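Structure at a glance
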Amino acid sequence: MTAETRTDLTEDQRDALQEIANIGMGQAGSLIGKIWGEFVNLSIPRIAHLDRQSIPAALTRLVGDHSVNAVRQAFHGSIRGEVVVVFSGGRDDELRELMGYEEADSVEEQELLLDVANILVGACLGGIAETLKAEIGFSAPSVMGLDISPALLIRPDELNSGRALFLEVRFTLEKKSLASHLVVLMPEDEFFVLGQALDTFLASI
Amino acid sequence: MAVSVLVVDDSPIARKMLIRALPSDWDIEISQATNGIEALVAYRAGKVDVMFLDLTMPDMDGYQVLETLRKEDLNCLVIVVSADIQEKAQERVQNLGAIAFIRKPITAEGLAEVLKKYGIVV
Amino acid sequence: MTMPVAPPTELLAFTVDRIEVGVFAVDRDFRIVLWNRFMATHSKRSVADVVGRNLFECFPELQQKWLERKINSVFVLKNYAFTSWEQRPFLFRFHHNRPITGGVDAMRQNCTLLPLKNASGEVELVCFTLADFTDTAMYQGCLNDAIVELEQEKSAQQILIKKLEDAQGQLLQSEKMASVGQLAAGVAHEINNPIGFINSNLGSLKTNVEDLLAVIAAYERADTVLAGHPDLLGAIKMAKTAADLDFLQSDMQSLISESLEGVHRVKKIVENLKDFSRIDNAEWHYANLESGLESTLNIVWNELKYKTEVKKEYAGLPEIECIGSQLNQVFMNLMINAAHAIAERGVITLRTGFDESSVWVEVEDTGSGIKPEHLKRIFEPFFTTKPVGKGTGLGLSLAYGIVQRHHGALDVKSKPGEGSVFRVTLPRKRVIEDVGGGVGP
Ligand SMILES: Nc1ncnc2c1ncn2[C@@H]1O[C@H](COP(=O)(O)OP(=O)(O)O)[C@@H](O)[C@H]1O
Ligand SMILES: [Mg+2]
């Protein structure tokens, strides 16, 4: 891998990615709104290149310094990376209702989180991939941590990549207390491919 | 006389995409704003006939712009261009006085269709 | 992802049918349109039996509302969905592949729901794959058990380590005390001899001086006789004046008696040291705790004298069976702590009392007191609030250990800002440990 392939995205590419994420999010919001029958408030996507050391602090800054639940899910294909979905707020019964669990279901909260995360990730990343004309698939989601500090979710020494692209969006449901942050992390050896896809997109407009 | 068009979006790419998609034979003067506050400043400073308005923006979002326009009884044709394509969002902006809603990503064909439908461009 | 639902080739169809993974698909009305052999074998429902029928009709045991939403989300979102055995052990209750070895009640399953899109990109079918995760679940179960066991062992070990540390702390301290004691005994022995002869020499010196002075007095009576020898008388007078004989006479006596007193004090300290260390007597014996308090007080007097007034309220304790030198260490620690707690000036009260079966000794101070949150920790080894060099945090834990070995109790009452009382309660007679049975309250 040459140094050139690892350079950060240019400002134009970042702008484009932000707009594409915005579009992807919008599609996700509308789909989620449809299946949950709820109006979804969406934030403006934020994008940054981060050294791995600064990822825990960035996560804490974004989601706030209180304990959270988090789920991770990988996507792979012509672009690949991982998505961390961080949940704050959201009472169990609200989630249960959204996902159609019966009252008597003594299903674990964990499964609820996995389901909700899967829907958010699928809808949002699906939208981005579609705009970028990228083919992607998803791994099954898994629980990263329950009731822990956001700073402890990702430990820098466990990361494979020295630098990562960090894309964050926030979903809130208008009538429910659920809030979730969706953080897409892409390793630096993916920057090049992503940059190319973004250039193709830029050339098409 | 040329029609004055204001494009309001925080994303430079989105503004660029929109401007590219405008009909080439349309006699217009284009100005741009990156958030709601700038949009209102531009509006009050001069004539705006048609406003293309994004919804999610920092500082002042599209909903707030629409509310202000309506409260101050300002009139111009507002076409919302948004990635937030939830039906409720479309309903809300139309209730706030937007004449049309165009979903992102914008295409020249889609835009032309809307402009024709509302008789802005014949 | 667009995957045309074109008729699969024979090979594909064969693979899907025979693969050791459950594969089935449903349409928007939840009608089963594909059912592979794995599903048929495990559900004991043939293709003919289920294909074309509603999934929930065929399998009423499925959680309909939840699964319907899940399937619908795949139709709407055009995206994968998953279930995992860890959260939801199984979708269908199937027998697992361990009919003999067993271990769990039913096959553990991981499912993936795939959107199958038609040419126009709409999801036409949702395809399930269902993988048998029983083995993984079993291993995980074993692992979890092992982890629980390890955790238990770990905490047991931690308790053990803590105990060892405690014991080591006590050992350290008692070793320190023992060597101090030995040193003291050695020093005491060495000092004893010279002090002995200094004492007796001083005694002789005293009588000698008295004799000498008597002789001089006798001579003075000859002054009248010497009147005829004015030169001699003058010389004597001059010598008397030069030596200031009157002063010499009184001073010499007081010098000697002061020296004697000093020597007595040294002798007493040496005795106290011997008493305190009692290297010769680390055994159980009958001892008077009040005299133990006294000799300990003498040892620590230097620490106390500048800022404290020591009050004694002794009840006249009877002798008790104990290891006196160890109890002296307890008293010493309590007194030093009391002195440390007093910043400027204060009072330390040594108080005793007894009844038929027990005696008690209190060391009370008017010092800083102990914060409530520290109160339950002060007996821990190494717990100290004092700066390095001043505190080791071992004093009270050592004291506690000693009192416990005497089957006594060490209690504390304290009010921050007002002071503390430590009370040592001891049985009058040694309690012989009842091996095997617990010691009753
Ligand atoms: N009489 C007292 N008054 C106030 N605090 C005391 C007293 N005796 C003990 N303590 C507290 O208990 C702690 C532990 O005492 P100790 O085990 O003797 O260790 P050390 O004296 O070396 O600190 C002390 O640091 C002090 O905080
Ligand atoms: Mg101490």
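Residues numbered from 1 in each chain as written. Chains lettered and ligands numbered in written order. Predicted model: local features only at pLDDT ≥ 70, side-chain atom pairs only at ≥ 80, totals over all residues. Heavy atoms only, no water.

1. Looking at the interface of chain C and chain A
Contacts between chain C and chain A engage 16 residues on the former and 28 residues on the latter. For the pair chain C and chain A, the two sides together bury roughly 1900 Å², of which 53% comes from carbon and sulfur. Broken down residue by residue, the surface that chain C buries against chain A is led by L77(C), F82(C) and Q87(C), which jointly contribute 35%. Applying the counting criterion to the chain C and chain A interface returns two salt bridges. Across the pair R88(C) and E111(A) runs a salt bridge, and its minimum N-O distance is 2.7 Å. On inspection of chain C and its partner chain A, the count reaches four residue pairs in polar contact (both at pLDDT 80 or more). (Contact = heavy atoms within 4.5 Å. Buried area = accessible area lost by both parts, 1.4 Å probe. Salt bridge = Lys/Arg side-chain N within 4 Å of Asp/Glu carboxyl O. Polar contact = N/O pair within 3.5 Å; in protein donor to acceptor, adjacent residues only side chain to side chain.)

2. Some words on a nonpolar patch on the surface
All names here are of chain C. Taken together, the side chains of L183, V187, I191 and V266 define a hydrophobic patch exposed on the protein surface, amounting to about 300 Å² of accessible area. Along the chain, the position of V187 falls in helix α6 (residues 134-220). You can call V187 partly exposed: its relative accessible area is 38%. (Patch = residues over 30% accessible without salt bridge, like charges linked within 9 Å, V, L, I, M, F, W, Y side chains within 5 Å. Areas by Shrake-Rupley, 256 points an atom, 1.4 Å probe, with all protein chains shown as cover. Helix = DSSP H or I, 4+ residues; strand = E, 2+ residues; numbered from the N terminus. Buried < 20%, exposed > 50% of the residue type's maximum accessible area, 1.4 Å probe, protein only.)

3. Details of the interface of chain B and chain A
Listed by partner, the interface residues are 20 residues for chain B and 21 residues for chain A. The junction of chain B with chain A conceals about 1800 Å² of combined surface from both sides, 62% of it contributed by carbon and sulfur atoms. Counting across the interface, chain B meets chain A through one salt bridge. When the shortest N-O distance is used, the salt bridge between E19(A) and K104(B) registers 2.9 Å. Where chain B meets chain A, there are three residue pairs in polar contact (both at pLDDT 80 or more). Broken down by element, the residue count for the side of chain B that touches chain A peaks at five residues, all from helix α1 (residues 12-21) of chain B.

4. Quick word on the site of ligand 1
All names here are of chain C. Of all residues adjacent to ligand 1, which total 19 residues, the nearest are T384, T385, K386, T392 and G393. In the model, an oxygen atom of ligand 1 is placed 2.8 Å from a nitrogen or oxygen of the N337 side chain. One of the backbone nitrogen or oxygen atoms of L396 is found 2.8 Å away from an oxygen atom of ligand 1. The set of elements that each furnish at least two residues to the shell around ligand 1 consists of α10 (324-341), α12 (395-405) and β12 (419-427). (Near = heavy atom within 4 Å.)

5. As for the packing of aromatic side chains
Residues and elements named next belong to chain C. If you walk through the whole model with that rule in mind, you get eleven aromatic pairs over all chains. Geometrically, the ring pair formed by F379 and Y400 is tilted, given 5.2 Å between the ring centres and 45° between the ring planes. Residue F379 is found in the loop between α11 (372-375) and α12, and its partner Y400 is found in helix α12; the two are separated by 21 residues along the sequence. The buried category is assigned to F379, whose relative accessible area is 19%. Overall, the relative accessible area of 33% leaves Y400 in the partly exposed class. Put simply, the rings of F24, W35, F59, F92, F94 and F128 pair up and form one aromatic cluster. In this arrangement the basic side chain of R45 is found over the ring face of F59, its NZ or CZ atom lying 5.1 Å from the centre. Over the ring of W360 we find R423; its NZ or CZ atom is 3.9 Å from the centre of that ring. (Phe/Tyr/Trp six-rings, centres within 6.5 Å; stacked < 30°, edge-to-face > 60°. Lys NZ or Arg CZ within 6 Å of the ring centre and 35° of its normal.)

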